[in-house]
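Below, each chain spelled out in residue letters.
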Amino acid sequence: MQDQQSNGRVKKKKVDMEALQSPLNRIPGMDIQSVRDLLDIGLQEVDDLRGRSPEVLFEEVLLLKKETPPDRLPSFRMAVYFAETDDPDPALLEPWKWQ
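Just so we're clear, the structure is a prediction, and the values are computed from it rather than from any experiment.

What counts as what
Note on numbering: residues in each chain are counted from 1, in written sequence order. Side-chain atom pairs in this predicted model are given and counted only at pLDDT of 80 or more, local residue features only at pLDDT of at least 70, and totals for whole chains, interfaces and linings cover all residues. The basis for the side-chain values is all heavy atoms of the structure; hydrogens and waters are excluded. The rule is short: rings of Phe, Tyr and Trp, with Trp giving its six-membered ring, pair when the centres are within 6.5 Å, and they are stacked under 30 degrees, edge-to-face over 60, tilted in between. Strands here are runs of E lasting at least two residues and helices are runs of H or I lasting at least four, both read from the DSSP assignment and numbered beginning at the N terminus. The term nonpolar core refers to a set of buried residues drawn from Ala, Val, Leu, Ile, Met, Phe, Trp, Tyr and Cys, joined through side-chain atoms within 4.5 Å. Only protein chains enter the accessibility calculation, which uses a 1.4 Å probe. A residue is then buried if its area is under 20% of the maximum for its type, exposed if over 50%, and partly exposed in between. Contacts are assigned to residue pairs that have any heavy atoms within 4.5 Å of one another. Two distance rules govern patches: like charges are joined within 9 Å, and nonpolar side chains (Val, Leu, Ile, Met, Phe, Trp, Tyr) within 5 Å, applied only to residues with over 30% relative accessible area and no salt bridge. Residue-level accessible areas treat just the shown protein chains as cover; the underlying method is Shrake-Rupley with a 1.4 Å probe. The rule for a salt bridge is simple: a side-chain nitrogen of Lys or Arg has to be within 4 Å of a carboxyl oxygen of Asp or Glu. Working note: the arc is built from the helix axis to C-beta atom directions. Note on geometry: axes are lines fitted to C-alpha atoms, helical ones only across the stretch in contact, with angles between N-to-C directions running from 0 to 180 degrees. Put simply, angles under 35 degrees are roughly parallel, angles over 145 are roughly antiparallel, angles from 65 to 115 are roughly perpendicular, and the rest are oblique. Gly falls in the polar group here, along with every residue not listed as nonpolar (Ala, Val, Leu, Ile, Met, Phe, Trp, Tyr, Cys, Pro) or charged (Asp, Glu, Lys, Arg). Here a polar contact is taken to be a pair of N or O atoms separated by no more than 3.5 Å, where protein atoms must pair a possible hydrogen donor with a possible acceptor and residues adjacent in sequence count only if both atoms sit in side chains.

A.B. asks: I would appreciate a short explanation of the packing of aromatic side chains in the present structure.
C.D. replies: In this description, an aromatic ring pair is defined by two values, namely the gap between the centres and the angle between the planes. With the rule as written, the count across this model stands at two aromatic pairs. Look at Y81 and W98: their rings are 5.1 Å apart centre to centre, the planes differ by 40°, and that puts the pair in the tilted class. With Y81 in helix 4 (residues 72-84) and W98 in the segment after helix 4, this residue pair connects regions lying 17 residues apart in the sequence.

A.B. asks: Before we go on, may I ask you to explain the nonpolar core in this structure?
C.D. replies: Nonpolar side chains in soluble globular proteins tend to end up buried together. L24, I27, M30, L38, L43, L49 and L57 are the most contacted members of the largest nonpolar core, which has 22 residues in total. Elements that contribute at least two residues to this core include exactly helix 2 (32-40), helix 3 (54-64) and helix 4. Sorting elements by how many residues they give to this core places helix 4 first, with seven residues. Filtering out sequence-adjacent residues up to four positions away, L49 remains in contact with L24, I27, L38, L43, L57, A79, V80, A83 and E84.

A.B. asks: Is there a simple way to think about a nonpolar patch on the surface in this case?
C.D. replies: A surface patch of nonpolar side chains, amounting to about 250 Å² of accessible area, comprises V15, M17 and L20. Judged by its relative accessible area of 40%, L20 falls in the partly exposed class.

A.B. asks: Help me understand the environment of L73 in this model?
C.D. replies: Its place among the elements puts L73 in helix 4. The sequence separation of L73 and E94 amounts to 21 residues, and the corresponding C-alpha distance is 12 Å. Sequence-distant contacts of L73, that is, excluding residues within four places in its chain, are made with P54, E55 and F58.

A.B. asks: How should I be thinking about helix 3 in this particular structure?
C.D. replies: Three- or four-residue spacings in an α-helix give side chains the same orientation, since the helix completes a turn every 3.6 residues. Among all positions of helix 3, only P54, L57, F58 and V61 are buried. Buried residues of helix 3 fall within an arc of 100° about the axis and therefore sit on the same side. For helix 3, the elements touching its buried residues are helix 2 and helix 4.

A.B. asks: Quick question: what am I supposed to make of the packing of helix 2 against helix 4 here?
C.D. replies: Helix-helix packing is described using two parameters, namely the angle between the two axes and the distance between the axes. Here helix 2 crosses helix 4 at 75°, and the two axes come no closer than 10 Å. In terms of their interaxial angle, helix 2 and helix 4 are classed as roughly perpendicular. The residues of helix 4 that touch helix 2, namely those facing Q33, S34, D37 and L38, are R72, S75 and F76. Its residues placed into classes, the contact of helix 2 with helix 4 shows two nonpolar, three polar and two charged.

A.B. asks: Please clarify how the side chain of R36 should be interpreted in this entry.
C.D. replies: In this structure, R36 sits in helix 2. By relative accessible area, R36 is classed as buried at 18%. Polar side-chain contacts of R36 include one of 2.8 Å to the side chain of E18. Once residues lying within four places of it in the same chain are set aside, the contact partners of R36 are D16, E18, A19 and K65.

Here is the structure:
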């Protein structure tokens, strides 16, 4: 992962190690940006998503980061489904299915 700077040097992209190592990143189909958003609103574990409204989670993220794209909401819906379901259907572990 590298970017070319205007001066010709190659700059490495910053890697979000906290999000990569988070238990939330173990949710199949979750992208790292959505994991980062959930961490930023104080969620640390998959169980923290149980009983939570995906829409409210999205609103909480928007309060912190007004530029958050609306495509995060399907990821939050999928994450809550995963957390609340003992045997989640693998076919539903894709954010686009939660539009």
